[in-house]
Amino acid sequence: MHASAQTQHHPRLDAAVSHLADLIAFDTTSAYSNLAIIEHLRRFFAALGADVTVLPDASGEKANLIARLGPADVPGIVLSGHTDVVPANPKSWTSDPFHMQQRGSRLFGRGTCDMKGFAACVMAAAPAFAEGNLSRPFYFCFSHDEEVGCLGAPAIAKHLAALDVPPALAIIGEPSEMQLINGQKGKIAMEVTVHGDGGHSSFSPQHVNAVEYASRIIAMIGERSRRYQHEGPFDTDFSVPHATTLATIIEGGVATNVTPDACRFIFELRSIDQDASQADMQALIADVEAALLPEMQALAPNASIEWQEVFSYPAMGDATGCEMFKQLEPILPARGGKVSYGSEGGVFEIDGGIPSIIIGPGSIRQAHKPDEFIEMDQLGQCLAFFDELDTWMRR
Ligand SMILES: [Zn+2]
């Protein structure tokens, strides 16, 4: 989409750009603490008179933030974003990933599109939200550790669900080029360790080769993925309209003349259905164990396959049937289908009972890459949407 004169000159665009520069300067790679950016946000929203809650995690190194503007006794709307970003290797970047740089119509920096651009727009719009009387409340939510498996969002969702009057809809600002996304795949990441039985490789027929068994499991995982592709179930609103599963990391073996006794690999299952993913995973595990374990244990009784979930987050269902969505729909952007990447929408639904949709500035194609950027016009479009939302929240 091209920059329109209208959005390019949104009166709050300069404020959004300046907030974005501030947010990018916090290196919030998921491996590090996010307390500094949370404190930055806490001060900002407290100064606007918002009711601010900081939810620290068990380690004390991370925190979520919830800021409410407007009345607590009517259902409101969540605007939600994560504070963490994926790692950036400065060597592959044209400019410092944590020092925002404008080049033409683009703003470069780690997190510009995923997803501090959305947070910057929320901050630019918040002073206007805070003026006068809102008929319904905004809940601005900022989480930790989304990029490593939506670890922070469940505490936010549970906190909101426990309120006397919980919010009725969540808008997740993941980069959707400001289109309305009404579905997102869920994911289970699983670590598998094959425990075999090793020794000098010249005696290999007497061993249980962990690397070989791991590859047979991986072949079964690949077969399962092809079956999803051919047999479904299908939801053609997704660009990849079925579940997928694949191995992503593998390590095993110690020397050229040793039968490996251990092999570890990681695979993922992305599901289109909120309910089916855990059952699908259990079925896959049962198939693998039935096919391979008897053979492994016939040679080495202690041989085993260990399954350890790394993380999982639920799929985001379709919120278009809920009451708040129907009321809001006239001011929402055009529908852009469903997405295969993760977001916290499913967490808000499962842990908070809050129907969720995704609308956010920037393109997912620029996320998780060197030279991540956001087009200024995307920020302008987001601010224009917030103007409409502001008016609607006062009706
Ligand atoms: Zn994101």
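These numbers come from a predicted model, not from an experiment.

Enquirer: Go over the packing of aromatic side chains with me, naming the residues and quoting the values.
Expert: Throughout the structure, instances matching the rule amount to 13 aromatic pairs. Ring centres of Phe45 and Phe140 lie 5.2 Å apart, and the angle between their planes is 25°; this geometry places the pair in the stacked category. Linking Phe45 in helix α3 (residues 35-47) with Phe140 in strand β6 (residues 138-143), this pair joins segments that are 95 residues apart in sequence. Taken individually, Phe45 and Phe140 each receive the classification buried, so the pair is uniform in this respect. Between Phe265 and Phe267, the aromatic rings sit 6.2 Å apart at their centres with planes inclined by 35°, giving tilted as the arrangement. Judged on exposure class, the residue Phe265 and its partner Phe267 are both buried. An aromatic cluster is built from Phe44, Phe45, Phe118, Phe129, Phe138, Phe140, Phe142, Phe385 and Phe386, whose rings are joined through pairwise contacts. Against the face of Phe108 rests Arg103, its NZ or CZ located 3.8 Å from the ring centre. One cation-aromatic arrangement involves Lys185 over Phe238; the distance from NZ or CZ to the ring centre is 5.6 Å.

Enquirer: Before we move on, can you summarise helix α9 (residues 345-352) with the specific residues and values?
Expert: Counting buried residues in α9 gives six out of eight residues, a clear majority hidden from the surface. Every buried residue of α9 is accounted for by Gly345, Gly346, Val347, Phe348, Glu349 and Gly352. The inward-facing, buried residues of α9 abut β3 (77-82), α5 (153-161), β7 (169-172), β13 (304-313) and β14 (356-358).

Enquirer: For the UniProt feature "domain: Peptidase M20 dimerisation" (unreviewed entry) in the protein, give the residues involved together with the corresponding values.
Expert: Listed under "domain: Peptidase M20 dimerisation" (unreviewed entry) in the UniProt record, and renumbered for this structure, are residues 182-292. Counted over residues 182-292, helix gives 35% and strand 30%. Its end C-alpha atoms are 40 Å apart.

Quick notes on the rules
Residues numbered from 1 in each chain as written. Predicted model: local features only at pLDDT ≥ 70, side-chain atom pairs only at ≥ 80, totals over all residues. Heavy atoms only, no water. Phe/Tyr/Trp six-rings, centres within 6.5 Å; stacked < 30°, edge-to-face > 60°. Helix = DSSP H or I, 4+ residues; strand = E, 2+ residues; numbered from the N terminus. Buried < 20%, exposed > 50% of the residue type's maximum accessible area, 1.4 Å probe, protein only. Lys NZ or Arg CZ within 6 Å of the ring centre and 35° of its normal. Contact = heavy atoms within 4.5 Å. UniProt positions renumbered as here; feature names shortened; annotations may be inferred.

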